[in-house]
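The chain contents come next:
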Amino acid sequence: MWINCNGDGGITIESSGNVTGATQAHWEDLDDLFQIAANRGVYILATLISFDNTITDNPNYQAWRNMYTSSSNIDSMVNNYVIPFVNRYKNNPYLFAIEPCNEIEWVHEQEDRGALPKKDLQEYVAKVAKAVHENSDILVTQGAACIKWNSETCTDAQGN
C-alpha cells in the first residue's frame with residue numbers, strides 16, 4: 001500500500017528537501033488505516049513514498065529530488081518521518097513490512113523523475129532499512145519495477 005503517493009501531502013517537506021515530519025491528518029488517517037487492517041485481518045506492506053514524488057509535473061518534485069541528493073536531508077526523512085512511523089505502528093501485527101520507495105529505480109533511470117545518481121537512492125534505502133531495524137522487528141524490502149534491476153551478472157541486467 002502506498003502511504004504517500006505523490007509527495008503533495010502528508011509528509012511535510014521544505015523546498016530544500018528537509019523533511020520536518022507529517023501532518024496531524026496524515027497520522028490520523030494512518031491510524032484509521034491500521035485499525036481497519038487489524039479489524040479485517042489485512043496485512044500491510046507500507047510503501048512510504050513513490051517515484052511519483054519526483055516527477056517533473058508534481059508541484060513538490062524538486063523538494064523530493066533535493067531530499068534524495070543530500071545526506072542530511074535523507075537523515076531528516078529518516079529521523080522526522082520514518083522513525084516516528086515505525087514507532088507509531090511497530091506493535092501493530094498487520095504491518096509486516098516497509099518499502100522505502102515504490103519502484104525507486106525510475107528516479108535514477110528517467111529524466112522526468114530526476115535521473116538521480118544510484119548511489120543517492122541506495123543511501124536512502126540503506127538509511128531507511130537501518131532505522132527500521134534499529135527501532136523494530138519490521139521487515140524491509142525494496143521492490144523493483146523490472147527484473148533487469150535484480151542482478152549485475154545476468155544478461156541485460158542493469159542493477160545490483
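Since this is a predicted model, take the numbers as computed values, not measurements.

Novice: Got a minute to help me understand the pattern of salt bridges in this structure?
Specialist: Where charged atoms of side chains with opposite charge meet at close range, the side chains can pair. With the rule as written, the count across this model stands at six salt bridges. Of the charged contacts, one joins Lys-130 and Glu-134 as a salt bridge, the two residues approaching to 3.0 Å between their closest N and O atoms. Here the residue Lys-130 and the residue Glu-134 both occupy positions in helix H5 (residues 118–135), the gap between them amounting to four residues, near one helical turn. Note on accessibility: Lys-130 and Glu-134 belong to one class, exposed. Among the charged side chains, a salt-bridge network with shared partners connects Asp-75, Glu-123 and Lys-127.

Novice: Just to check I follow, could you spell out the packing of aromatic side chains for this structure?
Specialist: Following the criterion strictly, the structure yields eight aromatic pairs and no others. Centre to centre, the rings of Phe-34 and Phe-85 are 6.2 Å apart; their planes meet at 70 degrees, and the pair counts as edge-to-face. Highlighted residues: Phe-34 in helix H1 (residues 24–40) and Phe-85 in helix H3 (residues 71–89), separated in sequence by 51 residues. Assessed through its relative accessible area of 2%, Phe-34 is described here as buried. Arranged with centres 6.0 Å apart and planes meeting at 40 degrees, the rings of Tyr-81 and Phe-85 form a pair that is tilted. With Tyr-81 and Phe-85 both in helix H3 and four residues apart, the pair spans about one turn of that helix. Accessibility classification places Tyr-81 together with Phe-85 in one group, the buried group. Each residue in the set Trp-27, Phe-34, Tyr-81, Phe-85 and Tyr-89 is aromatic and connected to the rest through ring pairs, giving one cluster.

Cut-off values and rules
- Residues numbered from 1 in each chain as written.
- Predicted model: local features only at pLDDT ≥ 70, side-chain atom pairs only at ≥ 80, totals over all residues.
- Heavy atoms only, no water.
- Salt bridge = Lys/Arg side-chain N within 4 Å of Asp/Glu carboxyl O.
- Helix = DSSP H or I, 4+ residues; strand = E, 2+ residues; numbered from the N terminus.
- Buried < 20%, exposed > 50% of the residue type's maximum accessible area, 1.4 Å probe, protein only.
- Phe/Tyr/Trp six-rings, centres within 6.5 Å; stacked < 30°, edge-to-face > 60°.

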